[in-house]
Number of protein chains: 2
Amino acid sequence: MIIGAGFAGLETARRLASVPVRITLIDKNNHHLFQPLLYQVAIAGLLPSQIAQPIRTIFRKQKNLTFQMGEVSTINFDEKYVKLNGSVIAYDYLVLAVGGRTNFFGFDVIEKEGFQLKDLETAVKTRNHLLRMFEQASHEGDAEKRKSLLTFVIVGGGPTGVETAGALAELISHVMVKDYPRLNLNEARVVLLEAAAHLISSYPDELRQATSKLLKKKNVDVRLNTKLENYNGQEVTLLDGSKIETQTLIWTAGVKATEIVEGLNVEKASAGRVRILPTLQLPQHPETFVIGDAAFLEENGQALPMISTVAIQQGVFTAKNILRLMKGQSPASFHYKDPGLLATIGRNAAVARIFGISFSGFIAWVIWVFLHIYRIIGFRNRIIVLFNWAWDYVFYDNQVRLITKE
Amino acid sequence: MIIGAGFAGLETARRLASVPVRITLIDKNNHHLFQPLLYQVAIAGLLPSQIAQPIRTIFRKQKNLTFQMGEVSTINFDEKYVKLNGSVIAYDYLVLAVGGRTNFFGFDVIEKEGFQLKDLETAVKTRNHLLRMFEQASHEGDAEKRKSLLTFVIVGGGPTGVETAGALAELISHVMVKDYPRLNLNEARVVLLEAAAHLISSYPDELRQATSKLLKKKNVDVRLNTKLENYNGQEVTLLDGSKIETQTLIWTAGVKATEIVEGLNVEKASAGRVRILPTLQLPQHPETFVIGDAAFLEENGQALPMISTVAIQQGVFTAKNILRLMKGQSPASFHYKDPGLLATIGRNAAVARIFGISFSGFIAWVIWVFLHIYRIIGFRNRIIVLFNWAWDYVFYDNQVRLITKE
């Protein structure tokens with residue numbers, strides 16, 4: 001039984017395709033989401049369907065897999081069953097790959113008033129809000145109010161925050177200026193707040209520098225060492241007492257364990273992630289694997305990051321360890337192979353580190369485009385996304401900017 | 001001032017592009033919708049963004065037009081102003097092109113329990129529901145309940161009902177059978193109910209015959225002379241007392257005037273449509289034009305139908321009449337030129353009547369595809385829709401079947 005059809009769960013299921021097992025894959029959505037591009041949905045750069053693929057379509061040819069859509073309410077490790085949609089399903093091996101959710105670190109008011117990028121729903125909500133701000137600004141006579149409508153604050157200088165800020169700045173300077181010829185978009189501001197002294201702190205220093213430079217070139221107001229004190233939906237208050245008038249705060253500053261993981265009686269680490277053995281097994285429950293964002297594992301004294309490459313490698317590895325257990329062998333220990341780092345900052349600039357070499361600017365962006373398109377699930381989606389990006393690149397146009405009702 | 005950016009309003013605005021006027025275009029959505037393909041969104045054949053285009057993008061180059069998103073709360077014909085988003089906007093000429101909404105003919109329970117295809121929101125809601133039925137059926141052990149989940153009732157044998165029934169039958173027989181290999185989809189039924197003795201009653205008889213034949217070939221259970229008595233969300237009761245167990249009723253059986261038109265103190269005809277002069281003007285208010293689905297006009301003793309071709313021709317004509325009025329000339333009378341009829345019944349069959357010649361089957365379908373793609377707004381959308389249809393045609397696959405949260 002695999003719970004969660006994110007990168008980790010999907011990969012485990014695939015790697016068990018030709019093994020004589022019966023797989024039940026469970027997810028609360030009917031689709032797999034290509035989360036690294038979720039911010040593109042929020043800035044109206046891609047459509048939800050271009051980064052999501054129905055799970056049944058993905059596994060059409062895998063005859064040993066059954067998909068069930070629903071939310072697991074109970075997991076009983078001792079008696080080896082889960083409860084789903086009111087029925088009880090027993091398992092021999094369990095792979096818990098339920099991902100994470102946004103960590104607001106107790107800032108309830110931000111959870112209520114701010115926006116986040118966690119799933120299609122929240123990304124579309126963010127998109128609709130962003131587009132509505134421009135509509136409202138277009139018939140707002142009061143200069144102060146207009147400025148507040150056109151100020152966009154992004155909290156968190158990690159890859160998601162950096163990518164969102166860059167893409168949003170570009171949406172304004174290249175697309176919105178055409179859609180709103182009567183609006184003075186020099187009034188618009190994208191502000192990126194980061195509590196630490198650096199952006200993308202896990203990246204090497206030359207890439208951090210390049211990122212800051214690229215963001216500044218795109219007119220993003222980057223504020224390092226800046227901590228948030230409060231936000232009431234109208235006004236951000238910083239720890240130093242200064243204020244930013246804005247209707248939009250996008251929170252990208254943290255991930256924590258999901259509710260189902262929170263309720264489990266197992267040892268947890270920071271952000272509520274489940275402590276696992278190097279074999280990816282749950283201590284005391286060797287038939288249970290916890291992988292991806294839900295799991296906490298240290299390598300060389302450092303916690304593995306909550307990113308897709310870790311999840312995918314753990315998915316592959318879990319399938320291998322399950323095979324070992326089935327054959328009566330002892331499970332092996334997981335080691336993460338860092339494939340490099342990559343972040344994009346708008347339309348034609350990115351930073352990357354691959355095989356120990358750092359790139360920035362246009363070449364890094366081309367690498368980013370091809371790697372991401374290659375990784376998007378579904379050949380048709382790859383073609384359409386590539387077509388859309390080529391079109392946007394040539395015509396400085398963005399994907400359809402629909403305001404939909406939620 | 002033009003209220004409504006459907007086919008009629010859009011066309012009026014475009015035809016006034018090179019005239020020395022200032023146009024304010026108002027719509028409650030930020031996008032124009034290509035309504036003839038809305039049913040394709042409901043059956044997961046097309047994406048919302050493929051049949052919708054932001055109004056600001058459409059009019060980017062038209063410098064004499066300002067777009068305002070919002071809902072008009074008051075229209076004062078005597079003092080010539082409207083109220084929008086709390087402000088008052090005066091006009092010299094008013095074009096009222098606000099379209100229609102679903103007419104449930106007082107069946108409140110169907111409005112509550114049934115589904116409709118009126119805008120992106122209702123179409124996406126229908127799609128999510130349809131897809132959810134298959135998910136639920138896939139883990140339903142009770143044969144009776146499963147049958148009820150897989151029974152889909154469409155009410156109304158007009159073009160929308162016929163097209164929806166055909167496309168849904170095909171989604172089941174060609175796509176869902178692959179996504180749900182363990183589900184016996186011979187249990188699935190598409191039932192089309194029509195109160196009159198014919199499907200698409202406005203079409204010539206040979207096309208009606210061809211339509212019935214094509215629908216039967218696709219296993220649609222067509223029931224003519226069949227009137228609805230009640231629906232409680234679980235069970236349809238027909239006038240003859242017989243019942244159909246179903247969780248899904250899609251109502252396509254009528255259109256009536258929108259709320260803003262309902263509130264106007266002007267003479268109304270059937271379905272609450274505004275009676276207008278042959279010049280498309282409102283009696284007593286020569287500076288006001290009412291066009292498209294909102295208007296009622298008879299030609300040769302027959303009311304003009306509520307379809308896009310009438311709306312477009314009236315839009316063009318209104319622009320001309322406004323010019324005449326501006327020059328001090330008297331307005332001309334509108335005459336509808338019937339460009340032919342066209343309806344599609346699934347993947348490779350349609351019926352058409354063009355230049356007095358009736359077609360059916362594959363040739364009609366090819367005509368339908370090209371005409372619709374040609375009419376879709378936005379060159380990019382045309383390419384992508386064409387690509388998607390070619391793909392579906394070759395691979396018997398449908399567009400991404402996402403269940404999204406509303």
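Residue numbers restart at each chain and count upward from 1, following the sequence in its written direction. For this description, chains carry letters from A and ligands carry numbers from 1, given in the order in which they are written. Totals for whole chains, interfaces and linings use every residue, but because this is a predicted model, local features are given only for residues with pLDDT of at least 70 and side-chain atom pairs only at 80 or more, for both listing and counting.

Trainee: Tell me about the overall build of chain A, residues and numbers included.
Mentor: Secondary structure elements follow DSSP: runs of H or I of four or more residues count as helices, runs of E of two or more count as strands, with numbering from the N terminus. Along its length, chain A carries 12 helices and 28 strands. Note that the radius of gyration is over C-alpha atoms, with the globule rule given as 2.2 Å times the number of residues to the power 0.38. The C-alpha atoms of chain A give 22 Å as radius of gyration, which agrees with the globular expectation for 406 residues (22 Å, within 12%). Every C-beta atom is placed from the backbone, and the number of other C-beta atoms within 10 Å of a residue's own sets its class: buried at 20 or more, exposed at 12 or fewer, partly exposed in between. Counting across all 406 residues of chain A, residues that qualify as buried make up 50%. Sequence-distant contacts, at least 24 apart, represent 64% of the contacts inside chain A between residues at least 6 apart. By definition, residue pairs are in contact when their C-beta atoms, positioned from the backbone, come within 7 Å.

Trainee: Lay out the sheet that holds strand β1 (residues 2-3) of chain A in plain terms, naming residues and giving numbers.
Mentor: The strands that make up a sheet are held in pairs by hydrogen bonds between backbone atoms, and each pair lies either parallel or antiparallel. All names here are of chain A. Here the rule is simple: two strands pair whenever DSSP picks up at least two bridges between them. One open sheet accounts for six strands, arranged β5-β2-β1-β9-β22-β21; its pairing is mixed. Pairing within the sheet leaves two strands with one partner each, and these edge strands are β5 (65-69) and β21 (281-282). Sheet topology places β1 next to strand β2 (residues 23-27); two bridges connect them, and they run parallel. Across the sheet, isoleucine 2 pairs through a bridge with leucine 25, a residue of β2.

Trainee: Explain the nonpolar core to me, and be specific about the residues and the numbers.
Mentor: Buried together is how nonpolar side chains tend to be arranged in soluble globular proteins. Structurally, a nonpolar core is described as a collection of buried Ala, Val, Leu, Ile, Met, Phe, Trp, Tyr and Cys residues joined by way of C-beta atoms within 7 Å. Within the largest apolar cluster, 149 residues are counted, with the highest numbers of intra-cluster contacts made by Ala350 of chain A together with Ala350 of chain B. Those residues within four positions of alanine 350 of chain B in sequence are excluded, and the remaining contacts are Leu342, Ala343, Thr344, Ile345, Ala364, Trp365 and Trp368 of chain B.

Trainee: How would you summarise helix α8 (residues 205-217) of chain B if you had to cite specific residues and measurements?
Mentor: Residues and elements named next belong to chain B. Expected span of a helix: the number of residues minus one, times 1.5 Å. A rise of 1.5 Å per residue sets the reference length of α8, with its 13 residues, at 18 Å; its end C-alpha atoms lie 18 Å apart and thus fit the reference within 8%. By the burial criterion, the buried members of α8 are Leu207, Ala210, Thr211, Ser212, Leu214 and Leu215. For α8, the elements touching its buried residues are α7 (159-179), β13 (189-193), β14 (220-223), β26 (341-344), β27 (350-354) and β28 (357-361).

Trainee: Go over the domain arrangement of chain A, please, and point to the residues and values.
Mentor: Delimitation of the domains relies on an automatic or database domain assignment. For chain A, the assigned domains read domain 1 (2-28 + 70-102 + 255-326) and domain 2 (108-253 + 340-395). Each of domain 1 of chain A and domain 2 of chain A has a C-alpha centre, and the two are 31 Å apart.

Trainee: Any details on helix α5 (residues 120-138) of chain B? Residues and values, ideally.
Mentor: Taking 1.5 Å of rise per residue, 19 residues should cover 27 Å, and α5 of chain B covers 27 Å from first to last C-alpha, within 8% of that figure. Every buried residue of α5 of chain B is accounted for by Leu120, Ala123, Val124, Thr126, Arg127, Asn128, Leu130, Leu131, Met133, Phe134, Glu135 and Ala137 of chain B.

Trainee: Let's hear about the sheet that holds strand β21 (residues 281-282) of chain B: which residues, and what values?
Mentor: All names here are of chain B. Read across the open sheet, the six strands follow the order β5-β2-β1-β9-β22-β21; overall the sheet is mixed. Each having just a single partner strand, β5 (65-69) and β21 make up the two edges of the open sheet. Strand direction decides the pairing type here: strand β9 (residues 94-96) and strand β22 (residues 285-290), joined by three bridges, are parallel. Bridged to leucine 94 within β22 is threonine 288.

Trainee: Any chance you could break down the pairing of strand β2 (residues 23-27) of chain B for me, citing the residues and the numbers?
Mentor: Residues and elements named next belong to chain B. Across the five residues of β2, four count as buried, placing the element largely inside the fold. At this point the chain moves from strand β1 (residues 2-3), through helix α1 (residues 7-15), to the parallel β2, and the crossover so formed is right-handed. Looking at chain direction, β2 and β5 are connected through five bridges and run parallel. Counted as the bridge partner of isoleucine 26 is glutamine 68 from β5. Here a crossover is taken to be right-handed if, once the strands point away from the viewer, the path from the first strand over the helix to the second is traced clockwise.

Trainee: Tell me about unusual backbone geometry, and please be specific about residues and values.
Mentor: Residue and element names in this part refer to chain B. The phi dihedral of alanine 44 falls on the positive side, at around 65 degrees, and the residue is not glycine. Relative to the elements of secondary structure, alanine 44 occurs in the loop between α2 (38-42) and β4 (52-54). The class of alanine 44 is buried, set by 26 C-beta atoms lying within 10 Å. Phi is positive for asparagine 300, close to 50 degrees, though the residue is something other than glycine.

Trainee: I'd like a description of the packing of helix α1 (residues 7-15) of chain A against helix α10 (residues 308-326) of chain A, backed by residues and values.
Mentor: A pair of packed helices is captured by two measures, namely the crossing angle of their axes and the spacing between those axes. All names here are of chain A. Following both chains from N to C, one finds α1 and α10 inclined at 30 degrees, their axes separated by 7 Å at the closest point. With respect to each other, α1 and α10 are oriented roughly parallel. As for how α1 packs across α10, the hand of that crossing is right-handed. Only Ser308, Ala311, Ile312, Gln314, Gly315, Val316, Thr318 and Ala319 of α10 make contact with α1, whose side of the interface consists of Phe7, Ala8, Gly9, Leu10, Glu11, Thr12 and Arg15. Between the N-to-C directions of two axes lies an angle of 0 to 180 degrees, each axis being a line fitted to C-alpha atoms and, for a helix, fitted only over the stretch in contact. Roughly parallel here means an angle under 35 degrees, roughly antiparallel means over 145, roughly perpendicular means 65 to 115, and every remaining angle is called oblique. For a crossing to be left-handed, the near helix must be turned anticlockwise from the far one by less than a right angle; the clockwise case is right-handed.

Trainee: Give a detailed account of the packing of α7 of chain B against α8 of chain B, specifying residues and quantitative values.
Mentor: Residue and element names in this part refer to chain B. Where α7 contacts α8, the two axes come as close as 9 Å, and the packing angle between them is 25 degrees. Classified by the interaxial angle, the pair formed by α7 and α8 is roughly parallel. The handedness of the crossing between α7 and α8 comes out as left-handed. Contacts between α7 and α8 involve Val162, Ala165 and Gly166 from the former and Thr211, Leu214 and Leu215 from the latter. For the contact of α7 with α8, the per-class residue count stands at four nonpolar, two polar and no charged. Put simply, Ala, Val, Leu, Ile, Met, Phe, Trp, Tyr, Cys and Pro go in the nonpolar bin, Asp, Glu, Lys and Arg in the charged bin, and everything else, Gly too, in the polar bin.

Trainee: Would you mind going over the environment of leucine 183 of chain B in detail, with residue names and values included?
Mentor: Residue and element names in this part refer to chain B. Counting through the fold element by element, leucine 183 comes out in the loop between α7 and β13. Leucine 183 gets classed as partly exposed once you count the C-beta atoms within 10 Å, which come to 18. Excluding residues within four positions of it along the chain, leucine 183 makes contact with Ala137 and Ser138.

Trainee: Provide a residue-level description of the environment of serine 201 of chain A, including the pertinent values.
Mentor: Residue and element names in this part refer to chain A. Its place among the elements puts serine 201 in the loop between β13 (189-193) and α8 (205-217). Judged by C-beta crowding, with 11 C-beta atoms within 10 Å, serine 201 ranks as exposed. Taking the C-alpha atoms as reference, serine 201 lies 7.1 Å from glycine 158; in sequence the two are 43 residues apart.

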